[in-house]
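The chain contents come next:
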Amino acid sequence: MGEGGNRQLRMFSTWEICRYLIPVAQGHFRRVLKQNPHLPQGRSETEGGAKWFTLDEVLSLRAFFGREGSKSKNYLPFRPEGLPAKIVAVANFKGGVGKTSTCAHLAMSAALDGYRVLVVDLDSQGSMTSIFGGHVADEWQTVFPLLARHYGEYLRAQNQRAVDRGEAPQPLDETLDEAMGIGARDIVQSTHWPNIDLIGAQLNLYWAEFQVPVWRMQGRGWKLWDALGDRLAADGILDNYDIVLLDTPPALGYLTINGLSAADILLVPLGASFLEFDSTGRFFDMLATTFRSIEDGENVAARALGRPGVSFEWDAVRAVITRYDSGQQAELAALMQAYLGTTLSPHRQGTTALIGQAGEQVQGIYEADYRDFNRETYARGRETFDATYAAVKSLIVGAWRRDQKAAEAE
């Protein structure tokens, strides 16, 4: 696959690296480079001007500081050995709440933090795919073949049981037969970010919303909600990446259910308006009803067969207010906080003129060159997305630490 439609990620200056990416003073950073000529030295646009580095070079420098730098500083992001990636689903069935924008900025933030990130676009509108310059010819380059393969493997297992009983098997149709040869790595494409990969989407992905229930009717024992998570795990995706971000459609359909079932953490963006608050409340209600219905249906059969029951759990569920205007929305945001309690992040993802301006020119605030503004305007503009990422990162790291302790206790 091409890398982000041949787009190129901008470069990063010494000031930016030391302020945001590697916690060292600029003077010390320059001394380390001078003392280690084998390290990336950056390039200047003018004689004696500021040095600029690619993100690949920044990641190489971060790794060097992680090995050789002060042991009291965290140069590298926390990532426990032997544990799978954390999957974060960004979801809300209300459109226009900043879902895709939030998901994209989280991916970029995590990449700048040094994590290996996979973005999975489950929305047939393909906005996330466009942000990362993906090219998706048809549904076979989306998650569709992963869902089809999961069903095909279920059908094959059923056929083997039928043959063992002396019954005729149900042949796989052409679609399922083709899907059996496709794995998650076959549909992953690189992007213009060196440590962000993409599984893209396009309009034909919507066909899954019609095909999945047909398969379920044909195979009542098929656990359709496990299809995406099972395939990502089986194909080694959770070992190859640190964080997987799922951008879900603005509807609680089969693709969203798959994403939410696969997720460890659920993030729900919403605006500080009565309509969006009401819609998000309905989303949570429908979410609870849908997954409780699946649990009830599965557990009746599980109890009859003496098998363990099904229980859907997330490491964390958080709502976050997006496009926040403190001058006009503070009172409503406070009411929402009182109602939702700790489920609502106390951080408000604000909107600024800088974000609007950057959005017209580039796909994300982190892709904006701060020289198009002044430094402090740029710093204020990215603060809100930095804070959103910091809150989500704390959930991810907390979940990893709990998993680590549980593994050590076994």
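A quick note: this is a predicted structure, and the numbers were derived from the prediction, not measured.

(A) How the structure looks around the overall build of the protein chain. Broken down by element type, the protein chain carries 16 helices and eleven strands. A globule of 410 residues ought to have a C-alpha radius of gyration of about 22 Å, and the protein chain, at 23 Å, matches this closely. With 410 residues in all, the protein chain has 53% of them scored as buried. Taking all contacts inside the protein chain whose residues are at least 6 apart in sequence as the whole, residues at least 24 apart take part in 78%.

(B) View of the packing of helix α1 (residues 14-21) against helix α2 (residues 26-35). Here α1 crosses α2 at 115°, and the two axes come no closer than 10 Å. For the element pair α1 / α2, the angle class is roughly perpendicular. The element α1 and its partner α2 pack so that their crossing is right-handed. Contact residues: α1 offers T14, W15, I17 and C18, while α2 offers Q26, F29 and R30.

(C) Spatial organisation of a negative patch on the surface. Negative charge collects at one region of the surface, where D173, E174, D177 and E178 lie side by side. On the secondary structure map, E174 appears in helix α7 (residues 174-179). For E174, a relative accessible area of 69% puts it in the exposed group.

(D) Region of the structure containing the packing of aromatic side chains. Enumeration according to the criterion identifies 24 aromatic pairs in this entry. An aromatic cluster is present here, built from W140, F144, Y151, Y154, W207, W215 and W222 joined pairwise through their rings. The lysine or arginine in question, R382, covers the ring of Y20, its NZ or CZ lying 3.7 Å from the ring centre.

(E) Structural detail: helix α9 (residues 208-218). Here α9 has its buried residues at A208, E209, Q211, V212, W215 and R216. Taken down its axis, α9 places every buried residue within 165° of arc, on the same side. In this structure, α9 carries F210 and M217 as exposed residues pointing more than 90 degrees from its buried face. On the buried face of α9, the contacting elements are α6 (144-164), α7, α12 (254-262) and α13 (274-305).

(F) Layout of a nonpolar patch on the surface. Judged by side-chain polarity, Y206, W207 and F210 come together as a nonpolar surface patch covering roughly 340 Å² of accessible area. Relative to the elements of secondary structure, Y206 occurs in the loop between β7 (196-199) and α9.

(G) Structural context of the pairing of strand β10 (residues 316-324). Relative to β10, strand β9 (residues 265-271) runs parallel, the two sharing seven bridges. The residue of β10 that forms the bridge with L267 is R318. Handedness of the crossover joining β9 and β10 through α13 is recorded here as right-handed. Here β10 runs beside strand β11 (residues 344-350); their pairing, made up of three bridges, is parallel. Along β11, the bridge assignment pairs Y324 with G350. Chirality of the crossover, the property in question, places the unit of β10, helix α14 (residues 326-340) and β11 among those that are right-handed.

(H) Local environment of the sheet that holds strand β4 (residues 86-90). Read across the sheet, eight strands follow the order β6-β7-β5-β8-β4-β9-β10-β11 without closing on themselves; strand pairing throughout is mixed. Strand pairing shows two members of the sheet lacking a second neighbour, β6 (189-190) and β11, which therefore form its edges. Where helix α16 (residues 375-409) meets the sheet, its contacts fall on β4, β8 (243-247), β9, β10 and β11, and the angle it forms with β11 comes to roughly 150°.

(I) Looking closely at the side chain of E209. Mapped onto the elements, E209 comes out in helix α9. No salt bridge forms around the buried E209; measuring N to O, its nearest opposite-charge neighbour K99 is 11 Å away. Of the polar contacts made by the side chain of E209, one reaches the backbone nitrogen of Y254; its length is 2.8 Å. There is a polar contact of 3.3 Å between the side chain of E209 and the backbone nitrogen of L255. When sequence neighbours within four positions are dropped, the list of residues in contact with E209 reads G253, Y254 and L255.

(J) Structural context of the pattern of salt bridges. Under the defined criterion, the tally for this structure stands at 21 salt bridges. Here D113 makes a salt bridge to K393, at a shortest N to O gap of 2.8 Å. Here K393 lies in helix α16 and D113 lies in the loop between α4 (99-112) and β5 (117-121), a separation of 280 residues in the sequence. The exposure class of D113 is buried, given its relative accessible area of 17%. Residue classification places K393 among the partly exposed residues on the basis of a relative accessible area of 24%. Between R382 and D386 there is a salt bridge whose closest N-O contact spans 3.1 Å. Taken together, the residues span about one helical turn, with R382 and D386 both in helix α16 at a distance of four residues. Take R382: its relative accessible area is 5%, and that puts it in the buried class. Here D386 falls in the partly exposed class, since its relative accessible area comes to 23%. Linked by salt bridges that have partners in common, R149, E153, R231 and D235 make up one network.

(K) Structural detail: unusual backbone geometry. Residues other than glycine seldom take positive phi values, yet R323 does so here, at roughly 50°. By the secondary structure assignment, R323 is in strand β10. On the accessibility criterion, R323 (38% relative accessible area) is partly exposed.

Reading the values: rules and limits
- Residues numbered from 1 in each chain as written.
- Predicted model: local features only at pLDDT ≥ 70, side-chain atom pairs only at ≥ 80, totals over all residues.
- Heavy atoms only, no water.
- Helix = DSSP H or I, 4+ residues; strand = E, 2+ residues; numbered from the N terminus.
- Rg over C-alpha atoms; globule rule 2.2 N^0.38 Å.
- Buried < 20%, exposed > 50% of the residue type's maximum accessible area, 1.4 Å probe, protein only.
- Contact = heavy atoms within 4.5 Å.
- Axes fitted to C-alpha atoms, helices over the stretch in contact; angles between N-to-C directions.
- Parallel < 35°, antiparallel > 145°, perpendicular 65-115°, else oblique.
- Left-handed = near helix turned anticlockwise from the far one by under 90°.
- Patch = residues over 30% accessible without salt bridge, like charges linked within 9 Å, V, L, I, M, F, W, Y side chains within 5 Å.
- Areas by Shrake-Rupley, 256 points an atom, 1.4 Å probe, with all protein chains shown as cover.
- Salt bridge = Lys/Arg side-chain N within 4 Å of Asp/Glu carboxyl O.
- Lys, Arg positive; Asp, Glu negative; His and termini not counted.
- Charge placed at Lys NZ, Arg CZ, Asp CG, Glu CD.
- Phe/Tyr/Trp six-rings, centres within 6.5 Å; stacked < 30°, edge-to-face > 60°.
- Lys NZ or Arg CZ within 6 Å of the ring centre and 35° of its normal.
- Arc of directions from axis to C-beta.
- Pairing = 2+ DSSP bridges.
- Right-handed = clockwise from strand over helix to strand, strands pointing away.
- Polar contact = N/O pair within 3.5 Å; in protein donor to acceptor, adjacent residues only side chain to side chain.

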